[in-house]
Amino acid sequence: MNIFLLTLALCVNHIISTLTIDVYYESLCPGCSKFISQNFKNYLDKNKLNTTIINFIPAGFSNETYNSSSKRYEFKCHHGPNECYGNIVSACFIDILGRVNSYKYLVCLETIASRLQGNFTKAIDMCTRDSPQLKELVNECANGEQGNKLIHFNIQRTKTDKMEYVPYITVDGVFSEKVGDSILKNLYEYLCSKDKNVC
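Residues numbered from 1 in each chain as written. Predicted model: local features only at pLDDT ≥ 70, side-chain atom pairs only at ≥ 80, totals over all residues. Heavy atoms only, no water.

**Re the state of the cysteines**
Disulfides are covalent bonds that connect the sulfur atoms of two cysteines. As enumerated under the stated definition, the model contains four disulfides in all. The side chain of cysteine 77 participates in a disulfide bridge whose partner is cysteine 84; the two sulfur atoms lie 2.1 Å from each other. Residues cysteine 77 and cysteine 84 share a disulfide whose torsion about the S-S bond is about 120 degrees; that sign makes it right-handed. Judged on exposure class, the residue cysteine 77 and its partner cysteine 84 are both buried. Residue pairing for cysteine 92: its cysteine sulfur links by disulfide to cysteine 141, the two sulfurs lying 2.1 Å apart. Negative torsions about the S-S bond denote left-handed disulfides, and the value of about -80 degrees found for cysteine 92 with cysteine 141 makes this one left-handed. With cysteine 92 in helix α3 (residues 81-97) and cysteine 141 in helix α6 (residues 132-142), the pair connects residues that are 49 residues apart, well separated along the chain. (Disulfide = S-S within 2.5 Å. Buried < 20%, exposed > 50% of the residue type's maximum accessible area, 1.4 Å probe, protein only. Helix = DSSP H or I, 4+ residues; strand = E, 2+ residues; numbered from the N terminus.)

**Structural notes on the pairing of strand β4 (residues 72-76)**
Pairing between strand β3 (residues 63-67) and β4: five bridges, direction antiparallel. If you follow threonine 65 over to β4, its bridge partner there is glutamate 74. Hairpin connection of β3 to β4: four residues between the antiparallel strands, including lysine 71 at a positive phi of 60 degrees. (Pairing = 2+ DSSP bridges.)

**Comments concerning the sheet that holds strand β1 (residues 19-25)**
One open sheet holds the four strands; their spatial order is β2-β1-β5-β6, and the pairing between them is mixed. This sheet does not close on itself; its edge strands, each paired only once, are β2 (52-58) and β6 (174-175). Inspection of the sheet shows β1 paired to strand β5 (residues 168-171) by four bridges, in the antiparallel sense. Directly across from isoleucine 21, in β5, lies its bridge partner valine 171. Where helix α2 (residues 30-45) meets the sheet, it contacts β1 and β2, and its direction lies at approximately 160 degrees from that of β2. (Contact = heavy atoms within 4.5 Å. Axes fitted to C-alpha atoms, helices over the stretch in contact; angles between N-to-C directions.)

**Looking at the pattern of salt bridges**
Taken as a whole, this structure holds three salt bridges when the rule is applied. Salt-bridge contacts for lysine 41 lead to aspartate 45; the nearest nitrogen and oxygen are separated by 3.0 Å. With a gap of four residues between them, lysine 41 and aspartate 45 both fall in helix α2, about one helical turn apart. Its relative accessible area of 33% is what places lysine 41 among the partly exposed residues. Across the pair glutamate 145 and lysine 149 runs a salt bridge, and its minimum N-O distance is 2.8 Å. Taken as a pair, glutamate 145 and lysine 149 lie in helix α7 (residues 145-158) at a separation of four residues, close to a single helical turn. According to the relative accessible area criterion, lysine 149 is partly exposed, its value standing at 45%. (Salt bridge = Lys/Arg side-chain N within 4 Å of Asp/Glu carboxyl O.)

**Overview of the environment of glutamate 110**
If you trace the backbone, glutamate 110 turns up in helix α4 (residues 99-115). Residues contacting glutamate 110, with those up to four places away along its chain left out, are Tyr25, Ser27, Ser33, Ile36, Ser37 and Ser90.

Here is the structure:
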């Protein structure tokens, strides 16, 4: 019985220490690209994914209208059509691979697309060079109904009167400019300050 209670206490402690970080971003926002391709990559390289859930939500300040003829949503994005497509591509990687398995591809997309003036078609090619099947799945999603629906869903999730800039970051559903700034400055150090198991 004592062993059971100890195990239960350890499990509860693990649940309490787990943070959920939501990152609302735009695929061609310079600050977003820098955060993902440098700061987040630094954290990812340390392979410490056990105590934190990090969700990336590509959409940002996108606007949408529904076209009743095509039965699809049409998007307008802060940094133009390439960003709209980049948001869709990113959402497709997340949808196809899941949260954790998509991380390295999101880093790759943001690293390459910024060098290629937002050419996400070429970024897909380069990021999936070793996986032709994944490339096919992503292209099918990004150019089809599924990608359209994913961004519509992300736009609905992103709607908030508080969001004045991206990346917009919440921790356990709560926005704090101070906390967001700490995460943007150094995600790894912020998480270390919350849970030494990350370090």
